[in-house]
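Chains, contacts and geometry: an overview
Here is what each chain is made of, one letter per residue.
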Amino acid sequence: MDPNVIINRVLRLARLDTTVFDEVRDDAQELIPALIVLGVSALLALARRDFLIAASYRLPFFADVSWGVIDLVLFFFISRVVGPVPAADLQGAPSYFAFAVAGILLSLMIGSATGDIAGRIRDEQLTGTLELLCAQPLRTWQLAAGYAAYPLIYAAVRVGVYLVIAVVALDL
């Protein structure tokens, strides 16, 4: 099976094009790729839904970036006040600012992996859509990966942006 065909089918399913199922329904050689496409498409569909919901609220996007930049600038100036610290006290980090940036970025990823995913599931419970999603013909891992996809991707993008800001603008 051509990998480009699989990728094309996944992208079509992410756009909610269900004609993909008609293409693979009667061919036994297409079964395994079809299952892969189905699993990935469920993950992409849930991530896309979460992105569209989050994108409809523009203020939180602006607040996330603003707070991250304020956090970085705050620790940048704290590191200037603290001055040089022995590397042994910083677990091998070259400066206090590098140590603080690593902690900020790590806490951002851990917070997304725990709090954001749990909050998303709770929101689904409160709106009554969790039961509807659990009743869909999805395996448990597909549902769990779909819930985790957007918060982790969003956190990884934020980590990248904050790291670029720390390196370029704040001389990390």
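Remember, predicted model here, so these are calculated numbers, not experimental data. (Residues numbered from 1 in each chain as written. Predicted model: local features only at pLDDT ≥ 70, side-chain atom pairs only at ≥ 80, totals over all residues. Heavy atoms only, no water.)

1. As for the packing of helix α5 (residues 96–127) against helix α7 (residues 140–168)
Where α5 meets α7, the closest approach of the two axes is 9 Å, and the angle between their N-to-C directions is 160 degrees. Taken together, the axes of α5 and α7 lie roughly antiparallel to each other. Crossing hand, α5 versus α7: right-handed. Contact with α5, carried on its side by Phe97, Val101, Leu105, Leu108, Met109, Ser112, Ala113, Asp116, Ile117, Arg120, Ile121 and Glu124, involves Tyr147, Ala148, Tyr150, Pro151, Leu152, Ala155, Ala156, Arg158, Val159, Tyr162, Leu163 and Ala166 of α7 and no other residues of that element. Its residues placed into classes, the contact of α5 with α7 shows 19 nonpolar, 1 polar and 4 charged. (Axes fitted to C-alpha atoms, helices over the stretch in contact; angles between N-to-C directions. Helix = DSSP H or I, 4+ residues; strand = E, 2+ residues; numbered from the N terminus. Parallel < 35°, antiparallel > 145°, perpendicular 65-115°, else oblique. Left-handed = near helix turned anticlockwise from the far one by under 90°. Contact = heavy atoms within 4.5 Å. Nonpolar A, V, L, I, M, F, W, Y, C, P; charged D, E, K, R; others polar.)

2. A look at α7
The end-to-end C-alpha separation of α7 is 42 Å, in line with the 42 Å expected for 29 residues at 1.5 Å each. At alanine 149, α7 shows its largest bend, some 35 degrees, and a proline, proline 151, comes one to four positions later. (Expected span 1.5 Å × (residues − 1). Bend = angle between axes of the 7 residues up to and from the residue.)

3. Some details on the packing of aromatic side chains
In total, this model carries 4 aromatic pairs according to the counting rule given. Seen from their ring centres, phenylalanine 76 and phenylalanine 77 are 5.3 Å apart, and the 70 degrees between their planes marks the pair as edge-to-face. Among the residues examined, phenylalanine 76 registers a relative accessible area of 13% and is labelled buried. Judged by relative accessible area, which is 51%, phenylalanine 77 ranks as exposed. When the ring of phenylalanine 76 is compared with that of phenylalanine 97, the centres are 5.4 Å apart and the planes differ by 80 degrees; the resulting orientation is edge-to-face. (Phe/Tyr/Trp six-rings, centres within 6.5 Å; stacked < 30°, edge-to-face > 60°. Buried < 20%, exposed > 50% of the residue type's maximum accessible area, 1.4 Å probe, protein only.)

4. Here we look at the packing of helix α4 (residues 58–82) against α7
Between α4 and α7, whose axes approach to 10 Å, the crossing angle comes to 40 degrees. When the axes of α4 and α7 are compared, the pair comes out oblique. Handedness of the crossing formed by α4 with α7: right-handed. In contact with Phe61, Asp64, Val65, Gly68, Val69 and Leu72 of α4, α7 contributes Tyr150, Tyr154, Arg158, Tyr162, Ile165 and Ala166. Considered class by class, the residues forming the contact of α4 with α7 number 9 nonpolar, 1 polar and 2 charged.

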